[in-house]
Amino acid sequence: DAGVTQSPTHLIKTRGQQVTLRCSPISGHKSVSWYQQVLGQGPQFIFQYYEKEERGRGNFPDRFSARQFPNYSSELNVNALLLGDSALYLCASSRQGNSPLHFGNGTRLAV
Amino acid sequence: TQLLEQSPQFLSIQEGENLTVYCNSSSVFSSLQWYRQEPGEGPVLLVTVVTGGEVKKLKRLTFQFGDARKDSSLHITAAQTGDTGLYLCAGEGGANNLFFGTGTRLTVIP
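Criteria and thresholds
- Residues numbered from 1 in each chain as written.
- Chains lettered and ligands numbered in written order.
- Predicted model: local features only at pLDDT ≥ 70, side-chain atom pairs only at ≥ 80, totals over all residues.
- Heavy atoms only, no water.
- Helix = DSSP H or I, 4+ residues; strand = E, 2+ residues; numbered from the N terminus.
- Polar contact = N/O pair within 3.5 Å; in protein donor to acceptor, adjacent residues only side chain to side chain.
- Pairing = 2+ DSSP bridges.
- Disulfide = S-S within 2.5 Å.
- Phe/Tyr/Trp six-rings, centres within 6.5 Å; stacked < 30°, edge-to-face > 60°.
- Buried < 20%, exposed > 50% of the residue type's maximum accessible area, 1.4 Å probe, protein only.
- Contact = heavy atoms within 4.5 Å.
- Buried area = accessible area lost by both parts, 1.4 Å probe.
- Salt bridge = Lys/Arg side-chain N within 4 Å of Asp/Glu carboxyl O.
- Nonpolar A, V, L, I, M, F, W, Y, C, P; charged D, E, K, R; others polar.
- Axes fitted to C-alpha atoms, helices over the stretch in contact; angles between N-to-C directions.

Enquirer: Summarise the side chain of S31 of chain A; cite the residues concerned and give the values.
Expert: Mapped onto the elements of the fold, S31 of chain A is located in strand β4 (residues 31-37). Within polar-contact distance, the side chain of S31 of chain A engages the backbone oxygen of Y49 of chain A at 3.3 Å.

This is the structure in structure tokens:
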């Protein structure tokens with residue numbers, strides 16, 4: 001079975017632009033979580049979705065938004081990009097909201 | 001904010017040596033997880049500890065959860081070059097999210 005897949009793998013954007021990152025969970029997993037990992041730090045929780053509903057939100061500004069589709073894939077959108085948004089964005093899936101997380105290899109965003 | 005601090009931040013040892021990594025917090029967690037992350041990849045779950053005082057072994061890795069469920073340690077016996085990576089602890093808080101520690105970057109020299 002394929003693991004969690006994220007696209008694109010790398011992305012370069014300019015300050016002020018908008019970006020959409022995509023995630024496909026492991027087959028059978030209904031929960032998707034997004035994390036931001038700045039260089040040299042541990043991942044920070046952004047969002048969790050379960051059965052297409054937002055179940056948790058971290059301490060991120062409203063410029064960050066996400067959604068989950070009927071096939072359980074997910075998109076993370078970031079508007080009005082700032083230099084500080086440069087990071088590795090990780091998607092993780094699990095069967096249920098509290099099950100062990102399986103991470104993808106991330107999208108590395110450079111602003 | 002539930003903060004998890006890991007020490008040391010960086011560790012470089014010779015192959016065959018033993019080491020211990022610590023994860024400390026002032027908050028109580030319902031469970032604590034340890035991950036290893038290699039360059040260009042996402043974190044991979046190693047173990048989950050749930051009960052205060054719990055000890056779990058995974059081959060040469062020994063994980064312990066503090067009695068008060070605020071801290072944890074990871075001990076590696078006879079380190080190998082394949083153990084090189086970023087070790088992250090993560091506490092399960094409310095709202096279905098994980099609070100990750102600052103990480104310990106381990107380098108095992110052949």
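Enquirer: An account of the pairing of strand β6 (residues 53-57) of chain A is requested, with residue identities and associated values reported.
Expert: All names here are of chain A. Pairing analysis gives 4 bridges linking strand β5 (residues 44-50) to β6, with the strands arranged antiparallel. In the sheet register, Y50 faces β6, and the bridge partner there is E53. Between β5 and β6, which pair antiparallel and follow one another directly, the connecting turn spans 2 residues, one of which, E51, has a positive phi of 50°.

Enquirer: Which residues make up the state of the cysteines, and what values do they have?
Expert: Residues and elements named next belong to chain A. Applying the stated criterion to the full structure yields 2 disulfides over all chains. Sulfur-sulfur distance for the disulfide between C23 and C91 comes to 1.8 Å. Because the torsion about its S-S bond is -65°, the bridge between C23 and C91 counts as left-handed. Within this pair, whereas C23 is found in strand β3 (residues 19-24), its partner C91 is found in strand β9 (residues 87-94), the two being separated by 68 residues in sequence.

Enquirer: Describe the packing of aromatic side chains, listing the residues and the values that go with them.
Expert: In the structure shown here, the tally under the stated rule is 9 aromatic pairs over all chains. When the centroid spacing of 5.1 Å and the interplanar angle of 65° are considered together, the rings of F60 of chain A and F64 of chain A count as edge-to-face. Both rings, one in F103 of chain A and one in Y35 of chain B, keep their centres 5.7 Å apart while their planes meet at 85°; by these two values the pair is edge-to-face. Here F103 of chain A, found in strand β10 (residues 102-103), pairs with Y35 of chain B, found in strand β4 (residues 32-37), and the two come from separate chains. On the accessibility criterion, F103 of chain A (11% relative accessible area) is buried. Residue classification places Y35 of chain B among the buried positions, given a relative accessible area of 0%. Pairwise contacts between aromatic rings join Y35, F45 and F103 of chain A together with Y35 and F100 of chain B into one cluster.

Enquirer: Describe the interface of chain B and chain A, naming the residues involved and giving the relevant values.
Expert: In this assembly, 17 residues from chain B lie in contact with 19 residues from chain A. Here chain B packs against chain A, burying approximately 1300 Å² in sum over the two surfaces, 50% of which is carbon and sulfur. For the pair chain B and chain A, the number of links is 0 salt bridges. Along the contact surface separating chain B from chain A lie 4 residue pairs in polar contact (both at pLDDT 80 or more). Here the side of chain B that touches chain A gets 3 residues from one element, more than from any other, and that element is strand β9 (residues 85-92) of chain B. Class assignment of the residues belonging to the side of chain B that touches chain A gives a composition of 8 nonpolar, 7 polar and 2 charged.

Enquirer: Break down the sheet that holds strand β6 (residues 55-58) of chain B for me, with residues and values.
Expert: All names here are of chain B. Here we have 5 strands laid out as an open sheet, ordered β1-β3-β8-β7-β6, and antiparallel in their pairing. The strands lining the two open edges of the sheet, one partner per strand, are β1 (4-7) and β6. Strand-to-strand twist in this sheet, taken as the mean axis angle between neighbours without regard to direction, amounts to 15°. Sheet topology note: the β6/strand β7 (residues 61-65) ladder contains 4 bridges and is antiparallel. Bridge pairing in β7 links L58 to L61.

Enquirer: Tell me what's going on with unusual backbone geometry, and back it up with residues and numbers.
Expert: Along the chain, S7 of chain A connects to P8 of chain A via a cis peptide bond; the corresponding omega equals -10°. Along the chain, P8 of chain A turns up in the loop between β1 (5-7) and β2 (10-12). Cis geometry is adopted by the peptide bond preceding P8 of chain B, which originates at S7 of chain B and carries an omega value of -5°. Inspection of the secondary structure puts P8 of chain B in the loop between β1 and β2 (10-14). The backbone phi angle of K59 of chain B is positive, close to 55°, even though this residue is not glycine. Mapped onto the elements of the fold, K59 of chain B is located in the loop between β6 and β7. A positive phi is found at A78 of chain B, a non-glycine position, where the angle reads about 50°. Among the secondary structure elements, A78 of chain B is positioned in the loop between β8 (71-76) and β9.

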